[in-house]
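# Descriptive structure summary
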Amino acid sequence: MTTERIAPPVRAGERETLRSFLDFHRATLAMKTDGLSDEDLRRRSSPPSTLSLLGLVRHMAEVERSWFRRVINGEDLPLVWSAEGDYQEAYDASTATRAEAFDAWQTEVAHARRIEQAAASLDVTGYQPRWDEHVSLRLVMLHLIHEYARHNGHADFLREAIDGTVGA
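A quick note: this is a predicted structure, and the numbers were derived from the prediction, not measured.

## Concerning the overall build of the chain
Across its full length, the chain carries five helices and two strands. Mapped from its N terminus to its C terminus, the chain presents α and β elements in the order α-α-α-α-β-β-α. Against the compact-globule benchmark of 15 Å for 168 residues, the chain has a radius of gyration of 16 Å, which places it among compact chains. If you line up the chain on its principal axes, its C-alpha atoms span 45 × 40 × 25 Å. For the chain, buried positions account for 46% of its 168 residues. Sequence separation of 24 or more characterises 70% of the internal contacts of the chain that already satisfy a separation of 6 or more. When the accessible area of the chain is evaluated, it comes to approximately 8,600 Å², of which 51% is carbon and sulfur surface. Once the 20 positive and 27 negative side-chain charges of the chain are each reduced to a mean point, those two points are 3 Å apart.

Now the structure itself:
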């Protein structure tokens, strides 16, 4: 599998720029997993940490679900891998498969895109209970870009440790 990654525009409106950078970072995470087996994707960074490429994909499914469906869309639904709301459970991919993790992640990305596109503006708000604050779609998109960028840095090191592949 080869992931296509489209560079964000150098001149665009705010919403198109945010959307493009978010999709760029989503594609970067997927690129870091191209050509790897389930076993490689489950390889942990440095035990006892459970961090792995597959764990990052699972975690980002939780992040997409939480911020777009639960916060912006106000949906009352549990996390994908933890009915108790423990985000750390997604990192443990010891028995996970690429198919399972990517199906969940791609499903949540599709929901996120639909919610973002349906929103009247970036000023649409949703309630973030962990912060006890109403937050804008703008903040959510920026937060997701930050979250992906941070974890894509982790993915760089994880991939290099697996097969020496560097860069995006």
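## Focus: unusual backbone geometry
The backbone phi angle of D132 is positive, close to 55°, even though this residue is not glycine. Mapped onto the fold, D132 is located in the loop between β1 (125-128) and β2 (133-136). Using a relative accessible area of 54% as the deciding quantity, one classes D132 as exposed.

## Some remarks on the packing of aromatic side chains
A full pass over the atoms with the stated rule returns two aromatic pairs. Both rings, one in W67 and one in W131, keep their centres 5.2 Å apart while their planes meet at 65°; by these two values the pair is edge-to-face. Within this pair, whereas W67 is found in helix α3 (residues 53-72), its partner W131 is found in the loop between β1 and β2, the two being separated by 64 residues in sequence. For W67, a relative accessible area of 8% puts it in the buried group. With a relative accessible area of 42%, W131 lands in the partly exposed category.

Cut-offs applied
Residues numbered from 1 in each chain as written. Predicted model: local features only at pLDDT ≥ 70, side-chain atom pairs only at ≥ 80, totals over all residues. Heavy atoms only, no water. Helix = DSSP H or I, 4+ residues; strand = E, 2+ residues; numbered from the N terminus. Rg over C-alpha atoms; globule rule 2.2 N^0.38 Å. Buried < 20%, exposed > 50% of the residue type's maximum accessible area, 1.4 Å probe, protein only. Contact = heavy atoms within 4.5 Å. Areas by Shrake-Rupley, 256 points an atom, 1.4 Å probe, with all protein chains shown as cover. Lys, Arg positive; Asp, Glu negative; His and termini not counted. Charge placed at Lys NZ, Arg CZ, Asp CG, Glu CD. Phe/Tyr/Trp six-rings, centres within 6.5 Å; stacked < 30°, edge-to-face > 60°.

Everything listed is a geometric property; what it means functionally is a separate question.
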